[in-house]
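# Examining the three-dimensional arrangement
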Amino acid sequence: MGDPEFPPQEPLGSQEDQDTLDVQAMRSNLMGWPQAAENQEMYQPEEAQLGTPQYLSPNVSFPAGYQPQPFQEEGDAQLPLSTNLMMQQLQQGQGTFFQHLDSTYQDPRQGFPSSSALYSGEEARFEGAQQGPYMQEDPAYPFLSGDMGYVPFNMDLPEPEPRELAVQNAKAYLLQTSINSHLSLYEHLVNVLTKILNQRPENPLSMLEWLNRTAQAEWFHPKLDTLRDDPEMQPTYEMAERQRALFVRGGQGEGEQEMEEEVGDTAVPNVMEMAFYFEQAGVGLSSDESFRIFMALKQLVEQQPIHTCRFWGKILGLSRSYLVAEVEFREGEEEGEEEEVEEVVEGGEPLEPRDEEEGEEDEEKAADAIPKPTWKPPPVIPREESRSGTNKYLYFVCNEPGRAWTRLPHVTPLQIVQARKIKKFFTGYLDAPVVSFPPFPGNEANYLRAQIARISAATHISPLGFYQFGEEEGDEEEEGGAGRESFEENPDFEGIPVLELVDSMANWVHHVQHILPQGRCSWVNPMQKMEEEEELGEEEEKADEGIEEVEQEIGPPLLTPLSEDAEILHMSPWTARLSCSLCPQYSVAVVRSNLWPGAYTYATGKKFENIYIGWGHKYSPDNFNPPLPAPIQQEYPSGPDVMEMSDPTVEEEQALKAAQEQALAAAEEEEEDEEEEEEEDLED
């Protein structure tokens, strides 16, 4: 079976099996095999399937004392027995097949063919074909040796090649899971390729990106319920829907009448013309935004009883910005929402009425009452009335064209005074608190209104002669010293050449009243109201002696030229230039405020306009430093009544005790004498 001369052994039990045994017996010169009962079953073949070659088991062991005979080459004539003789002896029952083999082989260890020799013939015969249960690729094949039963079986696999190691490392890298989706790239690629092979698209390369997205979406499992959530509207889409209402014209049935009314006088300002001139000056907003603001102002005029309307400007914020409209209501119209100003003490609480019962209790404890402080809070400055001073105009704001306009409250003097001491960025939300030191009395809406009043008073200018005072007022001045408060347009104004407007700042004037340090445009004596209240009480008359008179504040009058404005560290507060120096005859005069960056004014012929686009901060040559806290108040005045005394000595205590005893004894003697005198008087 192992030599090339031997054909492969087939299962026994047929005529072919008998012929095979005869050939093997002839070639092996198997004669006179001694009987060995203990080894008769050693070569009993097992039942095998047809067509399956049988091989020697690697666990076969031979008894000691066996001597194998040398193998005869094919074609050798020295064959002791023929096939017929072998078969006759077996048929007559003269021994068994193994007994004949036993007589032939005397020493089993000499010349026995090894397993490698047995397999060499099979390897040559079945080369390039499958070889049954043992294959050339079998890991155990190279380790088979001649001594099958005594050599240990080693199954150590060889080290992988560098290419195989690189493939393993690459696969391990692709199997790393993602932190966000807990999915590896290897799994994702498998899913994508599976989709492509299942769907068989015509052009898979063009659909690769789409298949990639769908494969990722299938692995995503949102933690939602079975009901679908309402789709969220994008901010840009929501804003477009809001602004769409600006371009819808109401009352289409009365088109001709509305056209006639719109052609006539209207309170809507010509924002597009203003944007055209400011665009030449290099400032302003885009044409698209300017047109949307124009439509938003038109909507405001339709909703409110407005007599005049003007686009004041845009104040930038951290989150959102403010579009500001300056309006004036028609006379006789209720402005509504009048604010009730509570007289609140700075840093204190409003006074509350006292009950009569509490007053009686206080009288009983008057002896032990704590001394009242002599400090009095400063008087509350009343705000100016509507249509005058800082509250001459009303202001509406919105964040974007198309959103609802919100009316700002009137400003108070205290808010203007505190706004001068702080510097805050706007957030874009009117109800946001203003956290600052010193504390600001109000929210962002009040702070925005205070900054609008300050910017308007400092930066709203006009060419000299455009406005004039009315004839009714004449040269009279009010008690406050602010002069005349109202003016009117000059119908005879013909305009100032552009070059003259740029050369001299005396051709520009302020047409908004100056705000005094008190926080008002017209000064009010704060002590006058206090004196009237104190005259009602008699006990508080002595407190008036320490009150000092307040000096009256006087500011520059209306229509004061810009040339009289104070400089800022040797820097002019205004800068004038031409919109185009190459064509001065077609240019406009542009004036920029250096005190409030973002404030601009243009003038050409009989037209001029003011605008502010900035953060609402005043220029400061030095970095902004918040004010320091107020100085600590002084202690109560020191005197002998409140000064701490040193402890007395023992002698002083004894002397004091003796003096007290003597005084007590003297007092008792006097009482006894008085009692005796009273008794004598009664007896008489």
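Above this text sits the structure in question.
This one's a predicted model, so the numbers in the text were calculated from it and none came from an experiment.

A few words now on the overall build of the protein. The secondary structure content of the protein amounts to 17 helices and 12 strands. Residue pairs in contact within the protein that sit at least 24 positions apart in sequence constitute 67% of those at least 6 positions apart. Taken as a whole, the protein presents about 48,100 Å² of accessible surface, with 50% of it coming from carbon and sulfur.

The next subject is the nonpolar core. Counting residues in each nonpolar core, the largest one holds 29 residues, and the members touching the most others are L297, I306, V327 and W405. Leave out the neighbours within four places in its chain, and L297 touches P269, V271, C309, F311, A325 and W405. With 28 residues, the next largest nonpolar core counts L408, A445, A450 and I455 among its residues.

So, on to the sheet that holds strand β12 (residues 607–614). Sheet strands pair by backbone hydrogen bonding; their relative direction is either parallel or antiparallel. Pairing in this open sheet of eight strands is mixed, and the strands run β4-β3-β2-β1-β12-β11-β10-β9 from one edge to the other. Both edges of this open sheet fall to β4 (406–407) and β9 (574–578), since each of them pairs with a single strand only. Looking at chain direction, β9 and strand β10 (residues 589–593) are connected through five bridges and run antiparallel. Following the sheet pairing, R577 is matched in β10 by V590. Along the sheet, helix α11 (residues 287–303) contacts β1 (306–315), β2 (322–329) and β3 (394–398); its crossing angle with β1, the most-contacted strand, is approximately 145°.

Taken together, L175, Y186 and V190 make up a surface patch of nonpolar side chains, about 230 Å² in accessible area. For V190, the position within the fold is in helix α6 (residues 185–199).

What follows deals with the environment of H188. Topologically, H188 is positioned in helix α6. A residue is classified by how much of its surface remains accessible, and H188, at 9% relative accessible area, is buried. Among residues more than four places away in sequence, those in contact with H188 are L183, N212, A215 and Q216. There is a polar contact of 2.5 Å between the side chain of H188 and the side chain of N212.

Let us look at unusual backbone geometry. A cis amide bond, omega -5°, links F437 with the succeeding residue P438. When you line up the elements, P438 lands in the loop between α13 (413–419) and α14 (444–459). In the Ramachandran plot, L569 falls in the positive-phi region, its phi being about 50° despite a non-glycine side chain. Turning to its location among the elements, L569 is positioned in the loop between α16 (526–534) and β9.

Take the pattern of salt bridges next. Enumeration according to the criterion identifies eight salt bridges in this entry. K298 serves as the salt-bridge partner of E302, at 2.8 Å between the closest nitrogen and oxygen. Residue E302 and its partner K298 are located together in helix α11, separated by four residues, close to a single helical turn. Residue classification places E302 among the exposed residues on the basis of a relative accessible area of 57%. Accessibility expressed as a relative area gives 24% for K298, which makes it partly exposed. What emerges from the salt-bridge pattern is a single network uniting R310, E326 and E609.

Packing of helix α10 (residues 271–281) against α11 brings their axes to within 9 Å, and their N-to-C directions diverge by 150°. The angle between α10 and α11 places the two elements in the roughly antiparallel class. The handedness of the crossing between α10 and α11 comes out as right-handed. Residues V271, M272 and A275 of α10 form the contact with α11, whose own contacting residues are S287, S290, F291, F294 and L297. Grouping the amino acids of the contact of α10 with α11 by side-chain chemistry returns six nonpolar, two polar and no charged.

The subject of this paragraph is the side chain of N391. You can see N391 is positioned in the loop between α12 (356–364) and β3. A distance of 2.9 Å separates a polar side-chain atom of N391 from the backbone oxygen of E384. When neighbours within four sequence positions are excluded, N391 is seen to be in contact with R383, E384, E385, S386, H410, V411 and R449.

Another point: the packing of α6 against helix α7 (residues 208–219). One can describe the packing of α6 onto α7 by two numbers: an axis separation of 10 Å at closest approach and a directional angle of 120°. With respect to α7, the element α6 is oriented oblique. For α6 against α7, the interelement crossing comes out right-handed. Contacts from H188, N191, V192, K195, I196 and Q199 in α6 reach L208, W210, L211, N212, T214, A215, Q216, E218 and W219 in α7. Its residues assigned to classes, the contact of α6 with α7 shows seven nonpolar, six polar and two charged.

Evaluated as defined, the whole model comprises 16 aromatic pairs. Note on F276 and Y277: the rings are 5.2 Å apart at their centroids and 70° apart in plane angle, and the pair reads as edge-to-face. Among the aromatic residues, those joined into a cluster by ring pairs are F466, Y467, F487, F493 and F608.

The next thing to look at is the side chain of E289. Among the structural elements, E289 can be located in helix α11. A distance of 3.0 Å separates polar atoms of two side chains, one belonging to E289 and the other to K314.

The next thing to look at is the environment of P491. Within the secondary structure layout, P491 lies in the loop between β7 (488–489) and α15 (498–503). On the accessibility criterion, P491 (66% relative accessible area) is exposed. Through-space distance from the C-alpha of P491 to that of F466 is 8.2 Å; in sequence the pair is 25 residues apart.

Let us look at the pairing of β12. Counting buried residues in β12 gives six out of eight residues, a clear majority hidden from the surface. Where strand β11 (residues 599–604) meets β12, six bridges bridge the pair, whose relative direction is antiparallel. Its bridge partner being in β12, A599 is matched across the sheet by Y612. Between β11 and β12, which follow one another and run antiparallel, lie two residues, and G605 among them has a positive phi close to 65°.

What follows deals with the environment of L318. With respect to the element layout, L318 can be found in the loop between β1 and β2. Taking the C-alpha atoms as reference points, L318 and W615, 297 residues apart in sequence, are found 9.3 Å from one another. Not counting the four nearest positions on each side in its chain, L318 is found in contact with F425, F426, T427 and W615.

What counts as what
- Residues numbered from 1 in each chain as written.
- Predicted model: local features only at pLDDT ≥ 70, side-chain atom pairs only at ≥ 80, totals over all residues.
- Heavy atoms only, no water.
- Helix = DSSP H or I, 4+ residues; strand = E, 2+ residues; numbered from the N terminus.
- Contact = heavy atoms within 4.5 Å.
- Areas by Shrake-Rupley, 256 points an atom, 1.4 Å probe, with all protein chains shown as cover.
- Core = buried A, V, L, I, M, F, W, Y, C linked by side-chain atoms within 4.5 Å.
- Buried < 20%, exposed > 50% of the residue type's maximum accessible area, 1.4 Å probe, protein only.
- Pairing = 2+ DSSP bridges.
- Axes fitted to C-alpha atoms, helices over the stretch in contact; angles between N-to-C directions.
- Patch = residues over 30% accessible without salt bridge, like charges linked within 9 Å, V, L, I, M, F, W, Y side chains within 5 Å.
- Salt bridge = Lys/Arg side-chain N within 4 Å of Asp/Glu carboxyl O.
- Polar contact = N/O pair within 3.5 Å; in protein donor to acceptor, adjacent residues only side chain to side chain.
- Parallel < 35°, antiparallel > 145°, perpendicular 65-115°, else oblique.
- Left-handed = near helix turned anticlockwise from the far one by under 90°.
- Nonpolar A, V, L, I, M, F, W, Y, C, P; charged D, E, K, R; others polar.
- Phe/Tyr/Trp six-rings, centres within 6.5 Å; stacked < 30°, edge-to-face > 60°.

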